[in-house]
Amino acid sequence: MADSLHLELADYTHMVHTGIYSEETGQPQPLRFTVRVKLKVEPHYDAETPLDASKNYMDLKFACSEALGDRHYKLIEAVADHVCETLFLQDTRVEEISVKIVKLALSEADEEIGITLVRERR
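Residues numbered from 1 in each chain as written. Predicted model: local features only at pLDDT ≥ 70, side-chain atom pairs only at ≥ 80, totals over all residues. Heavy atoms only, no water.

Per an unreviewed UniProt entry, the chain is named Dihydroneopterin aldolase/epimerase domain-containing protein, and its organism is Erythrobacter westpacificensis.

Written out as structure tokens, the structure is:
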């Protein structure tokens, strides 16, 4: 089995303009993001390994917030795709990304309703 390195952002909530129904449009709604990024792994990490041997964890949060801008996304699949594209463009070491989005406004009894998109670098 090959070595692997995953960076994660879990359960991050951000307000996003998304949806197709009248009750969803015009105002942002809360989405919960969990993002997992697979990076090319270094052969070894030790106490002196430089910071640039990894990726800034805050890049994951940025891709799920400021990078989305104020535009309206009809589908949360499009939101997830934008997150993936942002992260792929930021760093050539990113090999695969998983973006899980839960539409919190749809929950009636704490269930999670949403999607998970997994993309590999093409």
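So much for the structure itself; the text now carries on.
Further remarks concern the overall build of the chain. Assigned secondary structure in the chain consists of 2 helices and 4 strands. Along the chain direction, N to C, the helices and strands of the chain fall in the order β-β-α-α-β-β. Summarising its shape, the C-alpha atoms of the chain cover approximately 55 × 30 × 25 Å along the three principal directions. Across the chain, the fraction of contacts at a sequence separation of at least 24, relative to all contacts at a separation of at least 6, is 65%. (Helix = DSSP H or I, 4+ residues; strand = E, 2+ residues; numbered from the N terminus. Contact = heavy atoms within 4.5 Å.)

What follows covers unusual backbone geometry. At D11, a residue that is not glycine, the phi angle is positive and equals roughly 55 degrees. The exposure class assigned to D11 is exposed, which follows from its relative accessible area of 54%. The phi angle at D110 is positive, at roughly 65 degrees, despite the residue not being glycine. Considering the arrangement of structural elements, one finds D110 in the loop between strand 3 (94-103) and strand 4 (114-120). (Buried < 20%, exposed > 50% of the residue type's maximum accessible area, 1.4 Å probe, protein only.)

This paragraph deals with the sheet that holds strand 2 (residues 29-39). The sheet built from 4 strands is open, its strands ordered 1-2-3-4 with antiparallel pairing. Bordering the open sheet on either side are strand 1 (5-16) and strand 4, each of which pairs with just one other strand. In this sheet, adjacent strand axes meet at a mean angle of 15 degrees when their direction is disregarded. Where strand 2 lies against strand 3, 9 bridges are found, and the strand directions are antiparallel. (Pairing = 2+ DSSP bridges. Axes fitted to C-alpha atoms, helices over the stretch in contact; angles between N-to-C directions.)

Per the counting criterion, the structure on display carries 6 salt bridges. Ionic pairing is found between R36 and E8, a salt bridge with its closest N-O pair at 2.9 Å. Note that R36 is positioned in strand 2 and E8 in strand 1, a separation of 28 residues in sequence. By relative accessible area, R36 is classed as partly exposed at 38%. Put simply, R93 and D91 hold a salt bridge, and the shortest N to O gap is 2.8 Å. (Salt bridge = Lys/Arg side-chain N within 4 Å of Asp/Glu carboxyl O.)

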